[in-house]
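Take a look at the letters that make up each chain.
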Amino acid sequence: MQRGIVYLVGAGPGDPKLITIRGKEAIERADVVVYDRLANPSLLRHMKEGAEKIFVGKLPDKHILKQGEINQLLVDLALQGKRVTRLKGGDPSVFGRVGEEAELLAEYDIPFEIIPGITSAIAVPMYAGIPVTHRDFTSSFAIITGHEYPNKTYANVHWEKVATAVGTLVFLMGVANIESICERLIHFGKSPATPAAVIRKGTWMEQATLTGTLETIAGKVKEAGLESPAIIIVGEVVELREKIAWFEKRPLFGKRILVTRAREQASELVRSIEELGGEAIEFPVIRCQPPSSEEARLQLAQAMSKLSTFNWVLFTSVNGVDYFFRHLIEQGLDIRTLSGAQIAAVGPKTQEALRQRGLTTVPIPTDYQAEGLADSLAPYLKPGQHVLIPSGDLARDVLPERLTELGLHVTRVHTYETVLSTEYGEEALEHLREGSIHAVTFTSSSTVTNLLLALKQLGEEHPVNLINSTEVTCIGPITAKTAEDAGIKVHRTAEQATVASMIEGLQQP
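Before going into details, it helps to say that this report is about the structure given with it.

### With respect to the overall build of the chain
- A tally of helices and strands in the chain yields 19 helices and 22 strands.
- Judged by the C-alpha coordinates and their principal axes, the chain covers about 90 × 60 × 45 Å.
- Every one of the 509 residues in the chain was classed for burial, and the buried ones make up 50%.
- The contacts of the chain with a sequence gap of at least 6 include a subset with a gap of at least 24, amounting to 69%.

Here it is, written out as structure tokens:
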């Protein structure tokens, strides 16, 4: 059997956006991902379908697998011909024991590649507003293990040299030994008044920073109950935090927000949350797919075959646009078949999706609901005209009914259907049960219904109570009513039925 290959990858300090391009590629191509507790679990979403994931996380006082067992696991998987990605927090060469793993792979003549990552020693202080170097303070820094005591993981630290030879000192894995570290630095010549900081879970939503001096910082850590994972930074650069701290000042910092929208439509909402400093937990409880019933497919094919006979084509969602054009291509047609029809759309995003395909919509005002489209179109419509409405299987009847009342001939076809999805649900459920979700977003009535169903399928007996333990934001009044009818308390309803309006609401106190 041909031997596989092992990629030893630095996952970065926690923020999943800090993975390198090469590291992300290694995750995407892996047959197996072996990961530890400091690698953000959301990175595993880049894995290909069917790939295996193996957790080998370590805590300061316990190990699921000892390092020697992890080394051998990588060898065994590669000897099975698998492409293995070993995902390690931070940079694998900075106290990540990558040398030991690589040595054993080399002994077995197994191909491997070491992919550096952004080390927490530099990234975490910077997320707290503390650069490790600054021309006005210091031009040198050292990265030191803080885990020397009591198990002597690494060779002894030469405290007499460290205390006086280097500007900024960064201690990794040292919060449990902070009192001893501070005492030794002072004993060997560091001023007790030297600024110091401890940063817990840097670059994560739970980032917390304490500042003080070598004389006071250990007491502050004990009083606050700050625990690992955390880093210690000692030096004059700590004084810069008050001026240039940025990460913790963003509007949604510290907020973990559940996004229930279908994955293909969630990117704008996720991106907006992350740009404002929040963390988006994606649980796409709805998944869109082509119609599965023979009747729906037949009706769609018939409508597509006579597109040139319609006076109007009305789109109510971006999904409706996307799937309409998929079917257009599948049937060998193009937009010239729509040359005799006027095009209208609900909402600016739907209009933009049509513009990207070369179609300009009728410029009418609308409140982004189907009711608004029907009323706004009324002056343009003539009795007897033929209207096509490509939509999903859960679309409401209000628009075709209103148009029929106006004397138009309405053909509504399902270009796609919405089905329940529980993918990535375990992570979302765990966060909800822990109380670490700060807000839940609903972008349609189907996301409300499907979240409740998905949570039940995942074993939650009281999903409404779980959702009501956090804040709920809805995209519009119809979605809000669906939530309220289900017993969910709605805290905010967007003023306009747009993602941008939802984001504005999420920033409100």
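### Here we look at the sheet that holds strand β22 (residues 492–493)
- Read across the sheet, 5 strands follow the order β14-β13-β20-β21-β22 without closing on themselves; strand pairing throughout is parallel. Edge positions in the open sheet fall to β14 (279–282) and β22, since each of these has one partner strand only.
- As defined by bridge partners, strand β21 (residues 471–474) adjoins β22 across 2 bridges and the pair is classed as parallel. Within β22, the residue paired with Cys 474 across the bridge is Thr 493.

### A look at the packing of helix α2 (residues 67–79) against helix α3 (residues 98–107)
- Taken N-terminus to C-terminus, the directions of α2 and α3 make an angle of 40 degrees; their axes are 9 Å apart at the nearest point. Here α3 runs oblique to α2, going by the angle between their axes. Considering how the two elements wind past one another, α2 and α3 form a crossing that is right-handed. On α3, the residues that touch Gln 67, Ile 70, Asn 71, Gln 72, Leu 74 and Val 75 of α2 are Glu 100, Glu 101, Leu 104 and Leu 105.

### Some thoughts on unusual backbone geometry
- Cis peptide bonds are those with omega within 30 degrees of zero, and the linkage from Ser 228 to Pro 229 qualifies with 0 degrees.
- Even without a glycine there, the phi angle at Arg 97 is positive, about 60 degrees.
- Looking at the secondary structure, you find Arg 97 in the loop between β6 (83–88) and α3.
- One non-glycine residue, Asp 109, lies in the positive phi region at around 60 degrees.
- Along the chain, Asp 109 turns up in the loop between α3 and β7 (112–115).
- Of the residues examined, Asp 109 reaches a relative accessible area of 63% and is grouped as exposed.

### Considerations on the pattern of salt bridges
- Taken as a whole and assessed by the stated rule, the structure comprises 25 salt bridges.
- In this structure, Arg 86 engages Glu 101 in a salt bridge whose closest nitrogen and oxygen atoms are separated by 3.2 Å. Highlighted residues: Arg 86 in strand β6 and Glu 101 in helix α3, separated in sequence by 15 residues.
- Residue Asp 485 is joined to Lys 481 by a salt bridge in which the shortest nitrogen-to-oxygen separation is 2.8 Å. Of this pair, Asp 485 and Lys 481 are both found in helix α18 (residues 477–485), 4 residues apart, which corresponds to roughly one turn of the helix.

### What about the nonpolar core?
- Residues Leu 258, Phe 283, Val 440, Phe 442, Leu 451, Val 472 and Ile 488 are the most contacted members of the largest nonpolar core, which totals 28 residues.
- Listing elements by their share of this core, those giving two or more residues are β15 (286–289), α15 (425–434), β20 (439–442), α16 (445–457), α17 (463–467), β21 and α18.
- Per-element tally for this core: the top contributor is α16, with 5 residues.
- Look past the residues within four positions of Leu 451 in its chain and what remains in contact with it is Leu 258, Thr 260, Phe 283, Val 285, Val 440, Phe 442 and Ile 467.

### Regarding the state of the cysteines
- Applying the stated criterion across every chain yields a total of 0 disulfides.
- Unpaired in terms of disulfides, Cys 288 finds its nearest cysteine sulfur in Cys 474, a separation of 18 Å.

### So, the sheet that holds strand β2 (residues 32–35)
- Taken together, the 5 strands give an open sheet; going across it, the order is β3-β2-β6-β1-β7, and neighbouring strands pair in parallel fashion. Strands at the two margins of the open sheet, each flanked by one partner only, are β3 (52–55) and β7. Within this sheet the neighbouring strands show an average axis-to-axis angle of 15 degrees, counted without direction.
- In terms of strand pairing, β2 meets β3 through 4 bridges, oriented parallel. Across the sheet, residue Val 32 finds its bridge partner in β3, namely Glu 52.
- Against the sheet, α2 engages β1 (5–10), β2, β3 and β6, with an angle of about 155 degrees to β6.

### Brief notes about the packing of aromatic side chains
- Evaluated as defined, the whole model comprises 9 aromatic pairs.
- Here the aromatic rings of Phe 247 and Phe 253 are separated by 5.2 Å at their centres, their planes lie at 70 degrees, and the arrangement is edge-to-face.
- With a relative accessible area of 1%, Phe 247 lands in the buried category.
- Members of the aromatic cluster, connected to one another through ring pairs, are Tyr 127, Trp 246, Phe 247 and Phe 253.
- Cation over ring: Lys 201 sits above Trp 204, and NZ or CZ is 4.2 Å from the ring centre.

### Observations concerning helix α11 (residues 318–330)
- For α11, spanning 13 residues, the distance from its first C-alpha to its last is 19 Å, which sits close to the expected 18 Å at 1.5 Å a residue.
- Backbone geometry just after α11 places Gly 332 at a positive phi near 70 degrees.

### Details of a nonpolar patch on the surface
- A cluster of nonpolar side chains, Ile 122, Phe 141 and Ile 143, forms an exposed patch at the surface whose accessible area comes to about 210 Å².
- Take Ile 143: it is sitting in strand β8 (residues 141–145).
- Owing to a relative accessible area of 30%, Ile 143 belongs among the partly exposed residues under this scheme.

### Here we look at the pairing of strand β9 (residues 168–172)
- Within β9, 5 of the 5 residues are buried, leaving the element largely enclosed by the surrounding structure.
- Judged by which residues are buried, β9 turns out to be covered on both faces: Thr 168, Val 170 and Leu 172 on one side and Leu 169 and Phe 171 on the other are all buried.
- Of the pairings in the sheet, the one linking β8 to β9 comprises 5 bridges and is parallel in character. Within the sheet, the bridge partner assigned to Ala 142 lies in β9 and is Leu 169.
- Examined bridge by bridge, β9 and strand β12 (residues 230–234) share 4 bridges and lie antiparallel to one another. In the strand pairing of β12, Leu 172 is matched with Ile 231.

### Concerning the side chain of Gln 67
- Position of Gln 67 among the secondary structure elements: in helix α2.
- Within the structure, the side chain of Gln 67 is placed 2.8 Å from the side chain of Asn 71, a separation counted as a polar contact.

### Things to note about the environment of Asn 465
- Relative to the assigned elements, Asn 465 resides in helix α17.
- For the pair Asn 465 and Val 362, spaced 103 residues apart in sequence, the C-alpha separation works out to 44 Å.

Criteria and thresholds
- Residues numbered from 1 in each chain as written.
- Predicted model: local features only at pLDDT ≥ 70, side-chain atom pairs only at ≥ 80, totals over all residues.
- Heavy atoms only, no water.
- Helix = DSSP H or I, 4+ residues; strand = E, 2+ residues; numbered from the N terminus.
- Buried < 20%, exposed > 50% of the residue type's maximum accessible area, 1.4 Å probe, protein only.
- Contact = heavy atoms within 4.5 Å.
- Pairing = 2+ DSSP bridges.
- Axes fitted to C-alpha atoms, helices over the stretch in contact; angles between N-to-C directions.
- Parallel < 35°, antiparallel > 145°, perpendicular 65-115°, else oblique.
- Left-handed = near helix turned anticlockwise from the far one by under 90°.
- Salt bridge = Lys/Arg side-chain N within 4 Å of Asp/Glu carboxyl O.
- Core = buried A, V, L, I, M, F, W, Y, C linked by side-chain atoms within 4.5 Å.
- Disulfide = S-S within 2.5 Å.
- Phe/Tyr/Trp six-rings, centres within 6.5 Å; stacked < 30°, edge-to-face > 60°.
- Lys NZ or Arg CZ within 6 Å of the ring centre and 35° of its normal.
- Expected span 1.5 Å × (residues − 1).
- Patch = residues over 30% accessible without salt bridge, like charges linked within 9 Å, V, L, I, M, F, W, Y side chains within 5 Å.
- Areas by Shrake-Rupley, 256 points an atom, 1.4 Å probe, with all protein chains shown as cover.
- Polar contact = N/O pair within 3.5 Å; in protein donor to acceptor, adjacent residues only side chain to side chain.

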